[in-house]
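Listed below, chain by chain, are the residues.
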Amino acid sequence: MSENPILPVDKKTWNKWSFYINVIIFIIIAVFIYLLIKDSMEVGRQMVGSDTNLLSNAWFIIVRDIAFLAAGLVIIFVQMFNYYRQLSRRSW
């Protein structure tokens with residue numbers, strides 16, 4: 001039995017699901033890092049022409065990329081600290 005009281009699954013299944021979820025989250029983070037770089041370059045090009053409406057729309061796209069990156073990193077750090085907490089309980 002896993003230490004997760006919400007989902008009663010065995011430890012092997014939980015570890016497999018957790019691994020696949022982490023892989024998917026890392027792929028999402030990689031995609032949004034790429035999009036952030038691409039969108040930042042596009043904003044730099046638009047600043048030369050300086051159409052304020054297009055520029056403000058481009059900044060909203062960058063904020064979207066940063067929000068998804070922040071959410072993905074929060075999920076990964078929460079899982080990491082949860083694993084460390086579980087390991088510290090077992091080692092005592």
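Residues numbered from 1 in each chain as written. Predicted model: local features only at pLDDT ≥ 70, side-chain atom pairs only at ≥ 80, totals over all residues. Heavy atoms only, no water.

**Notes on the overall build of the protein**
Looking only at helices and strands, the protein has 2 helices and 0 strands in total. Within the protein, buried positions represent 20% of all 92 residues. By sequence separation, contacts in the protein at least 24 residues apart represent 55% of the contacts at least 6 residues apart. Of the accessible surface of the protein, which amounts to about 7200 Å², a share of 73% is contributed by carbon and sulfur atoms. (Helix = DSSP H or I, 4+ residues; strand = E, 2+ residues; numbered from the N terminus. Buried < 20%, exposed > 50% of the residue type's maximum accessible area, 1.4 Å probe, protein only. Contact = heavy atoms within 4.5 Å. Areas by Shrake-Rupley, 256 points an atom, 1.4 Å probe, with all protein chains shown as cover.)

**Quick word on the side chain of Asn 22**
With respect to the helices and strands, Asn 22 occurs in helix H1 (residues 11-49). Here Asn 22 is in contact with Gln 79 and Tyr 83, once residues within four sequence places are set aside.

**Overview of the nonpolar core**
Counting residues in each nonpolar core, the largest one holds 5 residues, listed as Ile 25, Ile 29, Phe 32, Leu 69 and Ile 76. Looking at this core, the element that brings in the most residues is H1, giving 3 residues. In this view, Ile 76 contacts Ile 25, Phe 26 and Ile 29; residues no more than four positions away in its chain are not counted. (Core = buried A, V, L, I, M, F, W, Y, C linked by side-chain atoms within 4.5 Å.)

**With respect to the environment of Val 31**
Among the structural elements, Val 31 can be located in helix H1. Val 31 sits 34 residues away from Asp 65 along the chain, and the two C-alpha atoms are 9.4 Å apart.

**A short note on the packing of aromatic side chains**
Inspection of the entire model under this criterion finds 3 aromatic pairs. Between Phe 77 and Phe 81, the aromatic rings sit 6.5 Å apart at their centres with planes inclined by 25°, giving stacked as the arrangement. Of this pair, Phe 77 and Phe 81 both sit in helix H2 (residues 52-91), 4 residues apart, which is roughly one turn of that helix. (Phe/Tyr/Trp six-rings, centres within 6.5 Å; stacked < 30°, edge-to-face > 60°.)

**Re the pattern of salt bridges**
Taken as a whole, this structure holds 2 salt bridges when the rule is applied. Salt bridges linked by common partners bring Asp 39, Arg 64 and Asp 65 together as one network. (Salt bridge = Lys/Arg side-chain N within 4 Å of Asp/Glu carboxyl O.)

**Things to note about a nonpolar patch on the surface**
A cluster of nonpolar side chains, contributed by Phe 19, Tyr 20, Val 23, Ile 27 and Val 31, occupies part of the molecular surface with about 480 Å² of accessible area. Mapped onto the secondary structure, Phe 19 falls in helix H1. (Patch = residues over 30% accessible without salt bridge, like charges linked within 9 Å, V, L, I, M, F, W, Y side chains within 5 Å.)

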